[in-house]
Each structure stands twice: as C-alpha cells, then as structure tokens.
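Reading the structure
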Amino acid sequence: MPPGAKPSVPAGFSVEMVASGLKGPRVIRVAPNGDLFVAESKSGVVRTFRMPHGGGKLTGGEVFASDLYQPYGIAFYPPGPNPQWVYIGNSDSLVRVPYKNGDLKATAKPEQIVGRIPWMHHYTRDVVVSPDG
C-alpha cells in the first residue's frame, strides 16, 4: 500500500488503519462483549482485538487460538450474551474452544468436532449458528 493511501468513502465517513501486519486476515466476527476475532488464514491463528469504550485505537492483537489449518469461519455458541464456546472452521475440520466474555486468549487447545473435511482449492469454511441455537 502506498504511503497515505486510503479507500474512498462517502462524504461524512472516515477511514483509519486500526491494525496492520496480519497474515491473510479473512473474517472478522464481533463477540457479544464487542471484542473482535480475526481469522488469519495464512498464519493459522485467530487473533483478538478490543476497542476501548468511546472509540480510539484497538488494543490487544492477542493470539486467541493457534495450531489451526487455514481458519476462516468463527461462531459463538450458544447464541446470546454469554457464549461458552468459539467454533472455528478450518479448511479441513471444525474445532471449538472454551470461551467466556472477555477472553482474549483461549484457556484450552482447540478440540476437534468434525475432521477430515475434503477440500479442493478452496479453504472457505464458514460457521454460523441459528438464533435458536
């Protein structure tokens, strides 16, 4: 990106860089408490960021979960304000990690739920939970 380059936005909107140096960020999901979870497909991690109350620069950049294989999809379960799990869709599996609001780092290694998902040239595996769970 050239120095000073920014995307064009409509009048009344602004753009600023809030995070850089990520390797293949593909998906951003917002946790119930407002933390951001970013799937970095090229580095095999899910990273977390926190937006300070009232705005400002993101803090964190913590690795929430690692040893993933081209992660993409992220979902919180059960739906609602107090999920107990973060589900992560790898290109070849579905894993879950224990979670409570405010966790910036996982308290356990990812647990495989579904393995050996076949893939050919595409590594987009999204995870979605319906509102009724």
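1. Thoughts on the nonpolar core
In terms of nonpolar packing, the biggest core is built from 16 residues, with Phe37, Phe64, Val86 and Ile88 touching the most fellow members. Of all the secondary structure elements, the ones that give two or more residues to this core are strand E2 (36-40), strand E4 (59-65), strand E5 (73-77), strand E6 (85-89) and strand E7 (94-98). Grouped together as the second largest cluster of nonpolar side chains are 5 residues, Trp85, Tyr87, Leu94 and Val127 included.

2. Observations concerning the packing of aromatic side chains
Counting across every chain of the model gives 6 aromatic pairs. A centroid spacing of 6.2 Å and a plane angle of 70 degrees characterise the contact between Phe64 and Tyr99, whose relative ring orientation is edge-to-face. Residue Phe64 is found in strand E4, and its partner Tyr99 is found in the loop between E7 and strand E8 (111-114); the two are separated by 35 residues along the sequence. Residue Phe64 is classed as buried on the basis of its relative accessible area of 3%. Site record: aromatic cluster; members linked through ring pairs are Phe37, Phe64, Phe76 and Tyr99.

3. What about the side chain of Ser41?
In this fold, Ser41 is placed in the loop between E2 and strand E3 (45-50). By relative accessible area, Ser41 is classed as buried at 4%. A polar contact of 2.5 Å, which involves the side chain of Ser41, links it to the backbone oxygen of Pro71.

Basis of the calculations
Residues numbered from 1 in each chain as written. Predicted model: local features only at pLDDT ≥ 70, side-chain atom pairs only at ≥ 80, totals over all residues. Heavy atoms only, no water. Core = buried A, V, L, I, M, F, W, Y, C linked by side-chain atoms within 4.5 Å. Buried < 20%, exposed > 50% of the residue type's maximum accessible area, 1.4 Å probe, protein only. Helix = DSSP H or I, 4+ residues; strand = E, 2+ residues; numbered from the N terminus. Phe/Tyr/Trp six-rings, centres within 6.5 Å; stacked < 30°, edge-to-face > 60°. Polar contact = N/O pair within 3.5 Å; in protein donor to acceptor, adjacent residues only side chain to side chain.

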